[in-house]
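Residue-level structure breakdown
As a plain string of letters, each chain reads:
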Amino acid sequence: MERTLVILKPDAVQRQLMGKVISRFEEKGLPIVACKMMTISPELADRHYEAHTAKPFYPGLKAYMTGGPVLVLVLQAEGVIAMVRKMMGATFASDAEPGTIRGDYGCAKGTFNLIHGSDSPEAAQREIELFFEKNEIFDYKLTNQCWLKA
Ligand code: GTP
Ligand code: MG
């Protein structure tokens, strides 16, 4: 079963949007199998965003991601990686379509974009291992899932 790592970034926490974003995933029918609040250390930020550390925007991205608590989630369902990326919307909130999380809750032109979602199965596996121990992930079945498959 496919899994993805979602981070509700410091602006989502500070703007009190955690509940609204989690509700979108729950209303969609996507099971949440792990969830915790934490502050991302500088070292963890470097590992999570290893593809971006050499880019000119990285110092600002690192300061943002380590600047306050985040809520980290794992969602589990067939096709969940692509579904969550669609629900997030385009990288910059100012470009993101209405109806998406970034499009509905943000208007920043750059770094501040509320949410992270893994962009491939390989990234998801790597990122989940960075943020969660195995015993923090709950592989349970939701009783409503029979209505969300066929
Ligand atoms: P994540 O889910 O957070 O990984 O976002 P993404 O996959 O939509 O974008 P990407 O992985 O390309 O970039 C990671 C993060 O870096 C983005 O979410 C932005 O916060 C920031 N970022 C990316 N590109 C730029 C840029 O050109 N300028 C600035 N200021 N920030 C950027
Ligand atoms: Mg990305």
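Everything here concerns the structure above.
Please read all numbers here as calculations on a predicted model, not as lab measurements.

**Points about the packing of aromatic side chains**
In total, this model carries 1 aromatic pair according to the counting rule given. For the pair Y64 and F112, a centre-to-centre distance of 4.8 Å together with 35° between the ring planes defines the contact as tilted. You can see Y64 sitting in helix α4 (residues 58-66) and its partner F112 sitting in the loop between α6 (101-105) and β4 (115-117), a full 48 residues away along the chain. Using a relative accessible area of 7% as the deciding quantity, one classes Y64 as buried. Under the relative-accessibility criterion, F112 is labelled partly exposed at 48%. Note that K36 overlies the ring of F132, its terminal NZ or CZ placed 4.7 Å from the centroid.

**Description of the environment of P59**
Following the sequence through the fold, P59 ends up in helix α4. When its relative accessible area of 58% is taken as the criterion, P59 is described as exposed. Separated by 39 residues in sequence, P59 and K20 have C-alpha atoms that sit 29 Å apart.

**Overview of helix α7 (residues 121-131)**
Inspection of α7 places A123, A124, E127, I128, L130 and F131 among the buried residues, and these make up the whole buried set. Seen along its axis, α7 keeps its buried residues to an arc of 155°; they face one direction. Structural note: α7 exposes E122, Q125 and E129 on the side pointing more than 90 degrees away from its buried face. In the core, the buried residues of α7 are packed alongside β1 (3-8), β2 (32-38), α3 (42-48), β3 (70-76), α5 (80-88) and β4.

**Re the sheet that holds β3**
The antiparallel open sheet is built from 4 strands, whose spatial order is β2-β3-β1-β4. Edge positions in the open sheet fall to β2 and β4, since each of these has one partner strand only. Adjacent strand axes in the sheet meet at a mean angle of 15° when their direction is disregarded. Where β1 and β4 come together, 3 bridges link them in antiparallel fashion. Residue pairing in the sheet places V6 in a bridge with G117 of β4. Helix-sheet contacts for helix α2 (residues 18-28) involve β1, β2, β3 and β4, and the interaxial angle to β3 is about 0°.

Definitions and cut-offs
Residues numbered from 1 in each chain as written. Chains lettered and ligands numbered in written order. Predicted model: local features only at pLDDT ≥ 70, side-chain atom pairs only at ≥ 80, totals over all residues. Heavy atoms only, no water. Phe/Tyr/Trp six-rings, centres within 6.5 Å; stacked < 30°, edge-to-face > 60°. Helix = DSSP H or I, 4+ residues; strand = E, 2+ residues; numbered from the N terminus. Buried < 20%, exposed > 50% of the residue type's maximum accessible area, 1.4 Å probe, protein only. Lys NZ or Arg CZ within 6 Å of the ring centre and 35° of its normal. Arc of directions from axis to C-beta. Contact = heavy atoms within 4.5 Å. Pairing = 2+ DSSP bridges. Axes fitted to C-alpha atoms, helices over the stretch in contact; angles between N-to-C directions.

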